[in-house]
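The chain contents come next:
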Amino acid sequence: MDFLPAEFIANKRQGKTHTQIEIKSFIGQFATGKIPDYQVAAWLMAAYLNGLSSDETLWITESMLHSGEVLSFGDLDPAPVDKHSTGGVGDKTSLILAPLLAAAGGYTPMMAGRGLGHTGGTLDKLEAIPGFKVQMELEQFKSIVRKVGAAIIGQSRSICPADLKLYALRDVTATVDSIPLICASIMSKKIAEGIGGLVLDVKFGSGAFMKTKAKAQDLAQQLVYIGQKYGINTVTLLTDMNQPLGSYVGNALEVKECMDIMSNIKMVENGVELYADTLDLTLELAGNMLVLSKICPSVEEGKKVGRKLLESGKVMEKFMEMTYAQGAVTKWQLPEAKCKEEYLSPVEGQLLTMDCEQIGLAGIELGAGRKKIEDKIDPTAGFCMKVKLGQKVQKGQPLMQIYGNRSDLFPQVKKRLDNVFKIGNPLRVANE
Ligand code: URA
């Protein structure tokens, strides 16, 4: 019997469960260009609305994994370890963690993604570095991992091509925040890397795909289940994403924040250290990675080692080595925005909440992310957050600075930002 994509889509629309063979045909034929995007987009929405069982999720992961090569670093000691986030706003820790692990004597062969939904992507951030290549032959990737200790690439025609295509389609079809689709996307990439250990930063809150901690816990459990099936030692951390991580949101800006942290530069506004949460989370994740790598006996010890390596400048050295190994031009400098404008607080009071997803969407409107698959990104576009939750703000105080090359977009972006900040009296809000 021939495999009919329209029948497969109709089955999911009717809430039926797919078989392993059907899933293998669908994902395999999509990866090789035999099923067009419009049919896959229709299936994605049916799967999003009607769900996928844990067996279906496992079979999708398996099919996506085997759509390309699966790497092996069996001879490396310590065994490679990686970290992946389920997606956030200003969530930039991978840029520090890969070189940190390399500076500690470990290995990180990281396969990352582009911006997804309202969240940013490591690949788009790295491409803000002039010349940096996230696509290369797998032999070259493996040789950089061996020589430098870390390299970061994207899915390609050779490795996880099914995720490359599915990820881009989910980004623009409002089908991102589905636990099974997130699990298959993340775990197919991570298993293909040939790692022995994985730290997952599972986000919850207004800037995450999982808005509640309970849903994030569910996602974490399913990710661990798949990791265990493939013999990967998988650890999850549930972390808060109710405000952007650190200060900067946007591709070049986030690379700048990471380079500042790796150079021991602090950003202080009104007595508040705006990079402190990025550094704390990075060290927590690093501690776990160093334990999985068997470089440190405990997370606490790993955090100490991570901090020392950062303070010594060795992580920054590794980061630069990695950028040059991946094609960055000599003495590269980050691009800077032509236009900047402050966004001011309309009232006085305490900063009670931020709608962090709206900040991510405002970034897409500025050009920091894509509205359509073929959109070009403005690497300079984004925001510098000037305040943190709980802080007191004055009327007219800058809440954030807007950056980008197109100031004509600023008025519409500001309109969206008008819905982001809830400022007031906490007692009055509690009684309302
Ligand atoms: N990261 C991924 O690689 N895929 C997702 O679906 C979400 C986060």
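The structure this text deals with has already been given above.
None of the values given here were measured: they were computed from a predicted structure. (Residues numbered from 1 in each chain as written. Predicted model: local features only at pLDDT ≥ 70, side-chain atom pairs only at ≥ 80, totals over all residues. Heavy atoms only, no water.)

Chemist: Before we move on, can you summarise empty space enclosed by the protein with the specific residues and values?
Modeler: Per the counting criterion, the structure on display carries 2 cavities of 30 Å³ or more. In this structure, the largest cavity spans a volume of roughly 290 Å³. Along its surface, the largest cavity is lined by 24 residues, and His-84, Ser-85, Gly-87, Gly-120 and Tyr-167 are the ones closest to its centre. Listing elements by their share of the lining of the largest cavity, those giving two or more residues are strand 1 (81–85), strand 2 (108–112), helix 6 (122–126), helix 8 (161–172) and helix 9 (179–192). Examining the composition of the lining of the largest cavity, we find that 4 residues originate from one element, helix 9, more than from any other. A per-class count over the lining of the largest cavity returns 6 nonpolar, 12 polar and 6 charged. (1 Å grid on protein atoms, 1.4 Å probe; cavity = no way out; pocket = protein on both sides within 12 Å on 5 of 7 lines; lining within 4 Å. Points joined across faces, edges and corners; volume = space filled by probe spheres on them. Helix = DSSP H or I, 4+ residues; strand = E, 2+ residues; numbered from the N terminus. Nonpolar A, V, L, I, M, F, W, Y, C, P; charged D, E, K, R; others polar.)

Chemist: How would you explain the site of the ligand if you had to name every residue and give the values?
Modeler: In the region of the ligand, the neighbouring residues are His-84, Ser-85, Thr-86, Leu-116, Tyr-167, Arg-170, Ile-182, Ser-185, Ile-186 and Lys-189. Between an oxygen atom of the ligand and a side-chain N or O atom of His-84, the distance comes to 3.0 Å. Given that more than half its atoms are within 2 Å of the pocket grid, the ligand belongs to the largest cavity. When contributions to the shell around the ligand are tallied by element, the ones reaching two or more residues are strand 1, helix 8 and helix 9. Top element by residues in the shell around the ligand is helix 9. It accounts for 4 residues. Among the residues forming the shell around the ligand, the class breakdown is 4 nonpolar, 4 polar and 2 charged. (Near = heavy atom within 4 Å. Polar contact = N/O pair within 3.5 Å; in protein donor to acceptor, adjacent residues only side chain to side chain. Sits in = over half its atoms within 2 Å of the grid points.)

Chemist: Kindly report on the sheet that holds strand 13 (residues 398–404), identifying the contributing residues and their values.
Modeler: Within the open sheet, the 4 strands sit side by side as 6-11-13-9. Their pairing is antiparallel. Only two strands of the sheet have a single neighbouring strand rather than two, namely strand 6 (248–249) and strand 9 (339–344). Summarising the sheet, strand 9 and strand 13 pair through 6 bridges and their orientation is antiparallel. Looking at the pairing, Cys-339 lines up with Gly-404 of strand 13. Each of strand 11 (382–385) and strand 13 touches helix 15 (residues 356–366); the most contacted strand, strand 11, lies at about 140° to it. (Pairing = 2+ DSSP bridges. Contact = heavy atoms within 4.5 Å. Axes fitted to C-alpha atoms, helices over the stretch in contact; angles between N-to-C directions.)

Chemist: Requested: an account of the nonpolar core, with residues and values cited.
Modeler: With 116 residues, the main nonpolar core has Met-262, Phe-319, Phe-383, Leu-417 and Phe-421 as its most contacted residues. Counting residues domain by domain, this core receives three or more from each of domain 2 (81–325) and domain 3 (339–423). By size, the runner-up hydrophobic cluster in this structure holds 22 residues, among which are Phe-8, Phe-30, Ile-35 and Leu-181. (Core = buried A, V, L, I, M, F, W, Y, C linked by side-chain atoms within 4.5 Å. Buried < 20%, exposed > 50% of the residue type's maximum accessible area, 1.4 Å probe, protein only. Domains from an automatic or database assignment.)

Chemist: Kindly report on the packing of helix 9 against helix 10 (residues 213–229), identifying the contributing residues and their values.
Modeler: It is at 10 Å that the axes of helix 9 and helix 10 come closest, and there the two elements cross at 40°. Judged by the inter-axis angle, helix 9 sits oblique to helix 10. Of the two possible hands of crossing, helix 9 and helix 10 adopt the one that is right-handed. Contact residues: Ile-179, Ile-182, Cys-183, Ile-186, Met-187 and Ile-191 in helix 9; Lys-215, Asp-218, Leu-219, Gln-222, Leu-223, Ile-226 and Gly-227 in helix 10. Looking at the contact of helix 9 with helix 10 residue by residue, the classes come out as 9 nonpolar, 2 polar and 2 charged. (Parallel < 35°, antiparallel > 145°, perpendicular 65-115°, else oblique. Left-handed = near helix turned anticlockwise from the far one by under 90°.)

So yeah, pure geometry; function would need other evidence.
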